[in-house]
Amino acid sequence: MVWTAYKKVRANKGSAGVDSVSMEEFDANRSRHLYKLWNRMASGSYFPPPVKEVEIPKKDGKVRQLGIPTISDRIGQMVIKDYLEPRFEKIFSPNSYGYRPNRNAHRALEAVRQNCRRQNWVIDLDIKDFFNTIDHQKLMLAVERHVPENWVCLYLKRWLEAPVLKTFGILQAKQGKGTPQGGVISPLLANLFLHYALDKWLEQTDVTVKYARYADDCILHCQSKAHAEHILKAVNKRMESCGLQLHPGKTKIVYCKDGRRRDDYSVVKFDFLGYSFQPRTTKSRKTGKMFLGYDCAISISSRKRIADRLEELKFERVSFKSIVGIAHYLNPKIRGWVNYYGRFRRSELSKVFRLLRVRLIRWTRKRYKRYRTRLNQAHKWLDRVRKQFPYLFYHWKLGFSC
């Protein structure tokens, strides 16, 4: 079990924890590290080290705290995750898509698309600071209902109670709440908590409500505005009883307005998993005529995130000898953007690739003196390169005109 968990953790890569031991350093003395972990877990004497806190920026300008366990601790968590996951999968709802085998964000998005076509109103739920407010006592009640093994419960409690090394160097103890967002076991425990706090309760409360949940992001579908308002009040009370709180500024009721649903309501757009759902002009597959539909495409905030990423890369300032080097450097990133954000309405990515073209032109004018003062000639040169090597960049291969 430890060896299998190690191979998964190694494949996932990741940075070092509080002990500053990287994966390369861990592999250099792998046998000793794995034997030590196995010996202590098998005897019940394993105590997890503190979790290292790192901050990553959020799209609203704030920061999100991630907890990074040590490599050995991630392997230990993976052992328990692999042991419990098949058991929990038997009870989880088919409407839950986050951090589960054979399920992904695209399947959640497709479910929301289909539900939006059938139901007129949407509740966009946002749980405030979810991972940091999970109640340990309530979570362990759910765990103990399905996990009779004392040794598993022992380690889960220790991981929940493990202190956090804050970014400013202070060791902070847990106060009976929270699970590190970044830990291997955290997504599984979060799914179990929300299975009872939301999924199962919702299915027992009102079977007419359709929903799709990806971790703590949840979209509920109702047939009328009055129904949506009633369900939102009930969900709010349910969250409070579970020690959670809905974000008042981000939770909202949305009307799925399109060509056949024409009621007057101000909020007709919501974001989910990097996509924006809103009224969009759509071409009928049967008749070829245009009509107003309700569908998803890459969101403005996601496009801005990609633009910021291109700014961070600053590839036009790096001394690549040829455009081939830039293509090798950027293609893995472009492929990732297309594979995720191009699943629905791929043409919307053209706005992203126009920004990329601007940066390629900047590199051209910096690399070749003859184009420094001749912008139009630089554009023509790039067009000639594309014509000669249409598969050089991944988005060129797919037919994007940018």
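You'll find the structure just up there.
Residues numbered from 1 in each chain as written. Predicted model: local features only at pLDDT ≥ 70, side-chain atom pairs only at ≥ 80, totals over all residues. Heavy atoms only, no water.

Caption draft 1: Spatial organisation of the overall build of the protein. In terms of helices and strands, the protein carries 15 helices and eleven strands. In terms of overall dimensions, the protein has a C-alpha envelope of 70 × 60 × 40 Å along the principal axes. For the protein, buried positions account for 50% of its 402 residues. Of all intrachain contacts in the protein linking residues separated by at least 6 positions in sequence, the fraction that spans at least 24 positions is 67%. Carbon and sulfur atoms make up 51% of the accessible area of the protein, which amounts to about 21300 Å² in all. Considering the protein, the positive charge centre built from 79 side chains and the negative charge centre built from 37 side chains are found 9 Å apart. (Helix = DSSP H or I, 4+ residues; strand = E, 2+ residues; numbered from the N terminus. Buried < 20%, exposed > 50% of the residue type's maximum accessible area, 1.4 Å probe, protein only. Contact = heavy atoms within 4.5 Å. Areas by Shrake-Rupley, 256 points an atom, 1.4 Å probe, with all protein chains shown as cover. Lys, Arg positive; Asp, Glu negative; His and termini not counted. Charge placed at Lys NZ, Arg CZ, Asp CG, Glu CD.)

Caption draft 2: Structural detail: the sheet that holds strand β9 (residues 270–272). On the basis of which strands lie adjacent, the open sheet formed by three strands has the order β9-β10-β11 and antiparallel pairing. Strand pairing shows two members of the sheet lacking a second neighbour, β9 and β11 (290–298), which therefore form its edges. Averaged over all adjacent pairs, the angle separating strand axes in this sheet is 50 degrees, with direction ignored. Sheet analysis places β9 next to strand β10 (residues 275–283), joined by three bridges and oriented antiparallel. When the bridges of β10 are listed, Phe-272 appears paired with Tyr-275. (Pairing = 2+ DSSP bridges. Axes fitted to C-alpha atoms, helices over the stretch in contact; angles between N-to-C directions.)

Caption draft 3: The arrangement of the packing of helix α4 (residues 71–89) against helix α8 (residues 150–161) in detail. In the contact formed by α4 and α8, the axes pass within 11 Å of each other and the chain directions differ by 135 degrees. Considering the angle they form, α4 stands oblique to α8. Both α4 and α8 take part in a crossing whose hand is left-handed. Contacts between α4 and α8 pair Asp-73, Gly-76, Gln-77, Ile-80, Tyr-83 and Leu-84 from the former with Trp-151, Val-152, Leu-156 and Trp-159 from the latter. In terms of residue class, the contact of α4 with α8 is built from seven nonpolar, two polar and one charged. (Parallel < 35°, antiparallel > 145°, perpendicular 65-115°, else oblique. Left-handed = near helix turned anticlockwise from the far one by under 90°. Nonpolar A, V, L, I, M, F, W, Y, C, P; charged D, E, K, R; others polar.)

Caption draft 4: Molecular detail of the side chain of Glu-348. Relative to the assigned elements, Glu-348 resides in the loop between α12 (323–341) and α13 (350–367). Judged by relative accessible area, which is 19%, Glu-348 ranks as buried. Contacts of Glu-348, omitting those with residues within four sequence positions, involve Ala-297, Ile-298 and Arg-303.

Caption draft 5: Region of the structure containing the packing of α12 against α13. Between α12 and α13, whose axes approach to 13 Å, the crossing angle comes to 170 degrees. When the axes of α12 and α13 are compared, the pair comes out roughly antiparallel. The way α12 lies across α13 gives a crossing that is right-handed. The segment α12 lies against α13, with Ile-323, Ile-326, Leu-330, Ile-334 and Val-338 engaging Phe-353, Leu-356, Leu-360 and Trp-363.

Caption draft 6: Layout of the sheet that holds strand β1 (residues 51–57). Sheet architecture is open: four strands sit in the order β2-β1-β4-β5, paired in mixed fashion. At either margin of the open sheet sits one strand with a lone partner, and together these are β2 (63–68) and β5 (171–172). In terms of strand pairing, β1 meets β2 through six bridges, oriented antiparallel. Pairing of Val-54 across the sheet is with Leu-66, part of β2.

Caption draft 7: Region of the structure containing the pattern of salt bridges. Throughout the structure, instances matching the rule amount to 18 salt bridges. Where Arg-100 meets Glu-89, a salt bridge forms, and the shortest distance between an N and an O atom there is 2.9 Å. Of the two residues, Arg-100 sits in the loop between α4 and α5 (105–118) while Glu-89 sits in helix α4, which places them eleven residues apart along the sequence. We classify Arg-100 as buried; its relative accessible area is 8%. Linking Arg-213 and Asp-199 is a salt bridge whose minimum nitrogen-to-oxygen distance equals 2.8 Å. One end of the pair, Arg-213, is in strand β6 (residues 210–214); the other, Asp-199, is in helix α9 (residues 186–205), with 14 residues separating them in the sequence. Using a relative accessible area of 1% as the deciding quantity, one classes Arg-213 as buried. The network of salt bridges with shared partners includes Glu-110, Arg-113, Asp-295 and Arg-345. (Salt bridge = Lys/Arg side-chain N within 4 Å of Asp/Glu carboxyl O.)

Caption draft 8: Region of interest: the environment of Val-122. Relative to the helices and strands, Val-122 is located in strand β3 (residues 121–126). Separated by 125 residues in sequence, Val-122 and His-247 place their C-alpha atoms 16 Å apart. Contact partners of Val-122, with chain neighbours within four places excluded, come to Cys-116, Ile-219, Leu-220, His-221, Lys-252, Ile-253, Val-254, Cys-256 and Phe-270.

Caption draft 9: Inspection of the packing of aromatic side chains at higher detail. Under the defined criterion, the tally for this structure stands at 23 aromatic pairs. Taking 5.9 Å as the distance between ring centres and 85 degrees as the angle between the ring planes, the aromatic pair formed by Trp-363 and Tyr-368 counts as edge-to-face. The exposure class assigned to Trp-363 is buried, which follows from its relative accessible area of 2%. Between Tyr-368 and Tyr-371 the ring centres are 6.2 Å apart and the planes differ by 80 degrees, which places this aromatic pair in the edge-to-face class. When its relative accessible area of 6% is taken as the criterion, Tyr-371 is described as buried. Linked through ring pairs, Tyr-275, Tyr-340, Tyr-341 and Phe-344 together constitute an aromatic cluster. A cation over an aromatic ring shows up here: Lys-333 above the ring of Tyr-329, its NZ or CZ 4.7 Å from the ring centre. (Phe/Tyr/Trp six-rings, centres within 6.5 Å; stacked < 30°, edge-to-face > 60°. Lys NZ or Arg CZ within 6 Å of the ring centre and 35° of its normal.)

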